[in-house]
Amino acid sequence: DVDNLLADLAGNACRVEKMLADMRDFSQVEAVDMAKANINDLLDRTLDLAAGELGYRAEIIKQYGSVPDLKCDSGQLVHVFLNLLLNAVEAMVSKGTITLRTGVHSSMLWVDIADTGLGIPESDLGKIFDPFFTTKAPGSGSGLGLHQIKTVVEAHHGRTTVMSRQGIGTTFRIMLPIDRYLGTEPF
């Protein structure tokens, strides 16, 4: 019994440590470090980072459009995409599909991350970006991931939307403004 108690204690300590790290990240106001980057390249970098989690649990479909470079904090956007990819794979009960799409509409560059997971109940859709809201089991998530995504995207003067149907899947769309003065003007 002592071994089981120690294992439980160690697991709980790890969960508390992760929650504290999430809360630290949530409370920090980091300066956005803007530089020229290509969103398709950032998505590929994110896929490389997540390969261990995604490889055996999801088929990845890339439908990248021709998109211009834009000023962004590439580290923060990779974190956004990684969070969305990991959430997508967690939403699938068996091997599913995650589709990454990019394109341009008017003066906005858009990124879709779509999964064939369980979907989000309609009653939760209005709350998913609220800090500390989670549908995960206690100790499994801090409820800060989607809030952080929204905060980072808004720091880039963009917006985040979600479409979901239970039993079919969920699509998150990130829309970022295209900076027409990429080389000369601040963002």
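Residues numbered from 1 in each chain as written. Predicted model: local features only at pLDDT ≥ 70, side-chain atom pairs only at ≥ 80, totals over all residues. Heavy atoms only, no water.

1. Some remarks on unusual backbone geometry
Most peptide bonds are trans, and most residues other than glycine sit at a negative phi. The condition is simple: Accessibility here uses a 1.4 Å probe with only protein chains present; expressed as a share of the type maximum, an area under 20% marks a residue as buried, one over 50% as exposed, and anything in between as partly exposed.
Even without glycine at this site, Ser106 takes up a positive phi of about 60°. Judged by its relative accessible area of 61%, Ser106 is exposed. One non-glycine residue, His157, adopts positive backbone phi at about 65°.

2. Details of the nonpolar core
So the rule is basically this: Put simply, a nonpolar core is a bunch of buried Ala, Val, Leu, Ile, Met, Phe, Trp, Tyr and Cys residues held in one set by side-chain atoms that sit within 4.5 Å of each other. Strands here mean DSSP runs of E at least two residues long; helices mean DSSP runs of H or I at least four residues long; both are numbered from the N terminus. Contacts were defined at the residue level, with two residues in contact if any of their heavy atoms lie within 4.5 Å.
Counting 36 residues, the largest nonpolar core has Ile39, Phe81, Ile98 and Ile174 as its most contacted members. Elements supplying a minimum of two residues to this core: helix 2 (39-54), strand 3 (70-72), helix 3 (74-90), strand 4 (96-105), strand 5 (108-115), helix 5 (145-155) and strand 7 (169-177). Of all the elements, helix 3 adds the most residues to this core, at eight residues. Beyond its immediate chain neighbours, meaning those up to four positions away, Phe81 contacts Ile39, Leu42, Leu43, Thr46, Val111, Ile113 and Ile174.

3. Structural notes on helix 5
What helix 5 keeps buried is the set Gly145, Leu146, His147, Gln148, Ile149, Val152 and Val153. Trailing helix 5 by a residue or two, His157 shows a phi angle of about 65°, which is positive.

4. Considerations on helix 2
Put simply, the rule reads: Helix span, as expected, comes to 1.5 Å for every residue beyond the first. Bend at a given residue is defined as the angle between two axes, one fitted to the seven residues that end at that position and one fitted to the seven that begin there.
Taking 1.5 Å per residue as the helical rise, helix 2 with its 16 residues ought to reach 22 Å, whereas the 20 Å between its terminal C-alpha atoms falls clearly short. At Asp48, helix 2 shows its strongest bend, of approximately 40°. Buried residues of helix 2: Ile39, Asn40, Leu42, Leu43, Thr46, Leu47, Ala50 and Leu54, and no others.

5. Some points on the packing of helix 3 against helix 5
Inclusion rule: Axis lines are fitted through C-alpha atoms, for helices just across the contact stretch, and the angle between N-to-C directions can take any value from 0 to 180 degrees. Left-handed describes a crossing whose near helix is turned anticlockwise from the far helix by less than a right angle; the clockwise case is right-handed. Amino acids are sorted into nonpolar (Ala, Val, Leu, Ile, Met, Phe, Trp, Tyr, Cys and Pro), charged (Asp, Glu, Lys and Arg) and polar (every other residue, Gly among them).
It is at 10 Å that the axes of helix 3 and helix 5 come closest, and there the two elements cross at 145°. For the crossing formed where helix 3 meets helix 5, the hand is left-handed. Only Gly145, Leu146, Gln148, Ile149, Val152 and Val153 of helix 5 make contact with helix 3, whose side of the interface consists of Gln76, Leu77, His79, Val80, Asn83, Leu84 and Asn87. Partitioned by chemical class, the residues of the contact of helix 3 with helix 5 number seven nonpolar, six polar and no charged.

6. Concerning the sheet that holds strand 7
Using the following cut-off: At least two DSSP bridges between two strands are needed for those strands to be called paired.
Strand order in this open sheet of five strands is 2-4-5-7-6, and the pairing throughout is mixed. What marks the edges here is a single partner per strand, and that holds for strand 2 (58-63) and strand 6 (159-165). Between one strand axis and the next, the sheet turns by 15° as a mean value, whatever way the strands run. In terms of strand pairing, strand 4 meets strand 5 through eight bridges, oriented antiparallel. Each residue of the ladder has a partner; that of Thr102, found in strand 5, is Val111. Against the sheet, helix 5 touches strand 6 and strand 7, its axis set at about 25° to strand 7.

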